There are 2 protein chains.
Amino acid sequence: MALKFDERGLMPAIIQDADSGEVLTLFWMNDEAVRRTKESGQVWRYSRQHQQLMRKGDTSGNFLNVREVLKDCDEDALVVRVQATGPACHTGERTCFYRELGDDDLAGS
Amino acid sequence: MALKFDERGLMPAIIQDADSGEVLTLFWMNDEAVRRTKESGQVWRYSRQHQQLMRKGDTSGNFLNVREVLKDCDEDALVVRVQATGPACHTGERTCFYRELGDDDLAGS
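As a starting point, this report considers the structure included with it. Here the structure is a predicted model, which is why all the values come from computation and not from measurement.

Our next topic: the nonpolar core. By size, the foremost hydrophobic cluster in this structure holds 24 residues, and its most contacted members are Ile14(A), Val23(A), Phe97(A), Ile14(B), Val23(B) and Phe97(B). Of all the secondary structure elements, the ones that give two or more residues to this core are β2 (23-29) of chain A together with β2 (23-29) of chain B. Beyond its immediate stretch of four places on either side in the chain, Phe97(B) contacts Ile14(A), Leu70(A), Lys71(A), Asp72(A), Ala77(A), Leu78(A), Val79(A), Val23(B), Leu24(B), Thr25(B) and Leu26(B).

Here you go:
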């Protein structure tokens, strides 16, 4: 079976700390990013902002070493279980999900 | 701050078991799905297949009770930590991510 990418050729990849279970970040991957992640054992993503493949850590030094890659029932989303060598978020936080959703986050609230 | 939805008006929401840390599924939410999820305490999603808002569990009886909603640094993705009343996957599996990615999942492999 082939993975199903969206109309942009991308698929969401949930990056999860393999030890703590914490969700670290959500990346977008194209076919080549999935292939490199699986083959190299480190997380690659497709940066929509830079419109290119990037290995997580090449800028920050904080790499994500792959323990396991899971696909969902529809084969259009991934969970990548990793061991992180440093903070996953560009803010320096361990995870990108460090804030609770507030009432004022919804338009018209 | 307002959440940032994509060009389709949607945002990925990672549904995570609050106790085990297991990633259960990935849903798409529009503004109204986020609002209902936050206000009702149960997970609502936007079904791209049915093109409508659906409360998870209305068909299966397996609801997802919300413990916490987190937003990411870019405010364009959510983690919803839940207590599930039954299997999250339509296959009957506890999680949609029950299979490892294989070598033959990649096109041209």
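Attention shifts here to the relation of the copies chain A and chain B. Under the fitted operation, chain A is carried onto chain B by 0.0 Å of movement along the axis and a turn of 180°, and the coordinates agree to an RMSD of 0.0 Å. Here the symmetry operator amounts to a two-fold rotation axis. The position closest to the rotation axis in chain A is occupied by the C-alpha of Gly21(A), lying 2.5 Å away. Both copies present the same face, since 100% of the interface residues in chain A are matched by interface residues at the equivalent positions in chain B.

When we look at burial in helix α1 (residues 31-40) of chain B, the residues that qualify are Ala33(B), Val34(B), Arg35(B) and Thr37(B). In this fold, the buried residues of α1(B) make contact with β2, β3 (44-47), β4 (52-55), β5 (64-71) and β6 (78-84) of chain B.

Here the focus is the side chain of Thr37(A). All names here are of chain A. With respect to the secondary-structure elements, threonine 37 resides in helix α1 (residues 31-40). For threonine 37, a relative accessible area of 2% gives the class buried. Only 2.8 Å separates the side chain of threonine 37 from the backbone oxygen of alanine 33, close enough to count as a polar contact.

Here the focus is the interface of chain A and chain B. The interface of chain A with chain B comprises 45 residues on the first partner and 45 residues on the second. Between the two partners, chain A and chain B, sit ten salt bridges. A salt bridge links Glu7(B) to Arg8(A); its shortest N-O distance comes to 3.7 Å. Applying the counting rule to chain A against chain B returns 18 residue pairs in polar contact (both at pLDDT 80 or more).

Criteria and cut-off values
Residues numbered from 1 in each chain as written. Chains lettered and ligands numbered in written order. Predicted model: local features only at pLDDT ≥ 70, side-chain atom pairs only at ≥ 80, totals over all residues. Heavy atoms only, no water. Core = buried A, V, L, I, M, F, W, Y, C linked by side-chain atoms within 4.5 Å. Buried < 20%, exposed > 50% of the residue type's maximum accessible area, 1.4 Å probe, protein only. Helix = DSSP H or I, 4+ residues; strand = E, 2+ residues; numbered from the N terminus. Contact = heavy atoms within 4.5 Å. Least-squares fit on C-alpha atoms with pLDDT ≥ 70 in both. Polar contact = N/O pair within 3.5 Å; in protein donor to acceptor, adjacent residues only side chain to side chain. Salt bridge = Lys/Arg side-chain N within 4 Å of Asp/Glu carboxyl O.

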